[in-house]
Each structure stands twice: as C-alpha cells, then as structure tokens.
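Remarks on the overall topology
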Amino acid sequence: MAAFDPESEIPRHIAIIMDGNGRWAKERDLPRREGHRAGAESVEECLKSCGDLGIEYLTLYAFSSENWKRPEQEVNALMGLLAHFLKEKTPTLIKANVRLQVIGQIEKLPGSSRRQLEKSIRKTADNDGLTLVVALSYGSREEIVDATRELMRKSAEGEMSADNLDNETFSNHLYTRGMPDPDLLIRTSGEFRISNFLLWQISYAEIYITETFWPDFRREHLETAIGEYQKRHRRFGGL
Ligand code: IPE
Ligand code: IPE
Ligand code: MG
C-alpha cells in the first residue's frame, strides 16, 4: 500500500462516489437510513481532511438521477438528511472557509431541500478555501444532453456556429463549467463502475476503488487513496 507523502504533489480535485451506506447498515441490522446518517459523518470528516490537506475541489456524488427510482421512503430520508446536514453545518462551512456549489438538476429536489441548499450556497459564496461540489439529482448523460441542447439553441439563434464547437466550448456548457477536471476519482464499497458520474470530466482521472463502505471511510483511507495517486504516472496520452 502506498504511503501518503505530504511533500509530494496532491490532487487538485478529488471526486468521490460515496457508496455502500445501505450495506454498512445491513451488516449491523440497521435500517438503510442509518447508513446514510453515518455517511453524513464521513462527509464531515472528509471535508475537514481535504481542507487540512489543501485540496482545492472536492466533488461528492450524493444522489444520482437514477436514485429517484428508490422507494419513496428512502428518497425522503435522503432529502431530509441533506436539508438537516446543510442547516446544521453551514456555520462550520463558513468558519472552515469552504465554498459550497452544486451540480445536477436541483429543480427536481423538494422545495425545502432546495431552499436550504440555495441558502448555504449563498452564505458560503465568498469563501475561497476548499470548494465543495455536491452532485445532487446528478446524471452525467443528462448533463451532456442539457449542454447539447443549450449549444443547439445558441446555434439556431445565430449566437455561435457549429464549426466553432470544440472541447473547451463544450466543457463551458456543462454543470461543472469553471471547475478543473477531477485528478482522482474514488469509489467506496468495491463496485467497479462509474454509475453515470462525470463521464466527460474523468477522461484522465486516476481511479481508486476501495472495499471500505462510505460510513467507515476516514482520513486514513483518504490518505491511502492520495498515496496511491502519488505513485501513479500520469501520461495523458504522451510518453
Ligand atoms: C450510497 O449508498 C448513497 C446513495 C446512493 C444515495 P447506497 O445507498 O447506494 O448503499 P448500497 O450500495 O446499497 O450499499
Ligand atoms: C452511485 O451509487 C450514486 C451515488 C453514490 C450517489 P449507486 O448505489 O446509486 O450506484 P449503482 O446502482 O450501484 O450503480
Ligand atoms: Mg450503492
């Protein structure tokens, strides 16, 4: 296992697929929502660790566009937890100089969660430490389709021409516009898939998968992932 070296290069942007809350709860004979509640504590610790380590961007996959398919009771528990977490932790975010941003179709969230989210975003907007990007009701295919729709509209209205479309212009129409691409993508709970997360943006991300369930993910696990990243040789197609 690679030891984390504080002196060597750290990823600028870490993205995490926080998976395994349900299995963590099941192992303990607890309801799934207890797994999500415990997962919120991991979020708090992870935020603190990333702030301490000087990571610039942390993107957390909290709720996918496919997660709406889950039973209503679980969706409600997750939405309630989100609003509660933001309400309780926004003063901590402000104090820790964290700027909150969101990616995803947040118009689909229940009004109370959306209003709390918008409030927390507003209150942390002037912070210039870690940027915490929460992916909520997020699907990468939806994001790509939304970007394409906007580009087609601009083209139809003569605001831009199809011949001028390039990677940069396309990137600037994604929800992640203005953010650097993730350098390191972590998925917990041992699943080897992307589940509709940042398909465009992770083109050259280093991928790290751990068996650890998200509610058990602590600072040491994050440091192990960064240690593994530091050992990789990123070539971006070159030599
Ligand atoms: C991740 O944990 C949290 C969300 C997807 C919202 P899961 O709820 O997917 O947990 P498992 O995969 O069932 O263990
Ligand atoms: C991905 O986890 C989404 C989040 C972590 C929010 P899922 O548990 O929804 O993904 P699948 O269903 O295992 O692919
Ligand atoms: Mg899962």
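Residues numbered from 1 in each chain as written. Chains lettered and ligands numbered in written order. Predicted model: local features only at pLDDT ≥ 70, side-chain atom pairs only at ≥ 80, totals over all residues. Heavy atoms only, no water.

**A few points about the state of the cysteines**
Counted under the stated rule, the structure contains zero disulfides. Not part of a disulfide, Cys46 finds its nearest cysteine sulfur in Cys50, a span of 4.3 Å. Since its relative accessible area comes to 4%, Cys46 is described here as buried. Judged by relative accessible area, Cys50 falls into the buried class, the value being 0%. (Disulfide = S-S within 2.5 Å. Buried < 20%, exposed > 50% of the residue type's maximum accessible area, 1.4 Å probe, protein only.)

**Remarks on the sheet that holds strand β6 (residues 206-209)**
Here six strands make up an open sheet; going across it, the order is β3-β4-β2-β1-β5-β6 and the pairing parallel. Of all strands in the sheet, those with a lone pairing partner are β3 (99-103) and β6, marking the two edges. Sheet twist, expressed as the mean angle between neighbouring strand axes with direction ignored, is 20°. Taken together, the five bridges between strand β1 (residues 13-17) and strand β2 (residues 57-64) define a ladder with parallel strand orientation. (Pairing = 2+ DSSP bridges. Helix = DSSP H or I, 4+ residues; strand = E, 2+ residues; numbered from the N terminus. Axes fitted to C-alpha atoms, helices over the stretch in contact; angles between N-to-C directions.)

**Examining the site of ligand 1**
Close to ligand 1 lie 13 residues; Asp19, Gly22, Arg23, Arg32 and Arg70 are nearest. One of the backbone nitrogen or oxygen atoms of Gly20 is found 3.4 Å away from an oxygen atom of ligand 1. One of the side-chain nitrogen or oxygen atoms of Arg70 is found 2.7 Å away from an oxygen atom of ligand 1. Here ligand 1 loses 86% of its free accessible area of 380 Å² to cover by the protein chains. Here ligand 1 is seated within the largest pocket. Those elements that provide at least two residues to the shell around ligand 1 are α1 (21-27), α2 (32-53) and α3 (72-95). For the shell around ligand 1, the leading source of residues is α1, giving three residues. Residue composition of the shell around ligand 1, by class: three nonpolar, five polar and five charged. (Near = heavy atom within 4 Å. Polar contact = N/O pair within 3.5 Å; in protein donor to acceptor, adjacent residues only side chain to side chain. Areas by Shrake-Rupley, 256 points an atom, 1.4 Å probe, with all protein chains shown as cover. 1 Å grid on protein atoms, 1.4 Å probe; cavity = no way out; pocket = protein on both sides within 12 Å on 5 of 7 lines; lining within 4 Å. Sits in = over half its atoms within 2 Å of the grid points. Nonpolar A, V, L, I, M, F, W, Y, C, P; charged D, E, K, R; others polar.)

**Some remarks on the site of ligand 2**
Taken together, the neighbourhood of ligand 2 is formed by Ile17, Met18, Asp19, Tyr61, Ala62, Phe63, Asn67, Arg70, Arg187, Arg193 and Ser195. The side chain of Arg70 places a nitrogen or oxygen atom 3.3 Å from an oxygen atom of ligand 2. Ser195 places a side-chain nitrogen or oxygen 2.6 Å from an oxygen atom of ligand 2. Against a free-state accessible area of 390 Å², the protein chains account for coverage of 79% of ligand 2. Under a 2 Å grid-point criterion requiring more than half of the atoms, the pocket assigned to ligand 2 is the largest pocket. In terms of residue count, β2 provides more of the shell around ligand 2 than any other element does, three residues in total. For the shell around ligand 2, the class distribution of residues is five nonpolar, two polar and four charged.

**Comments concerning the environment of Met18**
Mapped onto the elements, Met18 comes out in the loop between β1 and α1. Met18 gets classed as buried once you look at its relative accessible area, which sits at 17%. Separated by 42 residues in the primary sequence, Met18 and Leu60 place their C-alpha atoms 7.0 Å from one another. Filtering out sequence-adjacent residues up to four positions away, Met18 remains in contact with Val43, Leu60, Tyr61, Ala62, Thr188 and Trp214. (Contact = heavy atoms within 4.5 Å.)

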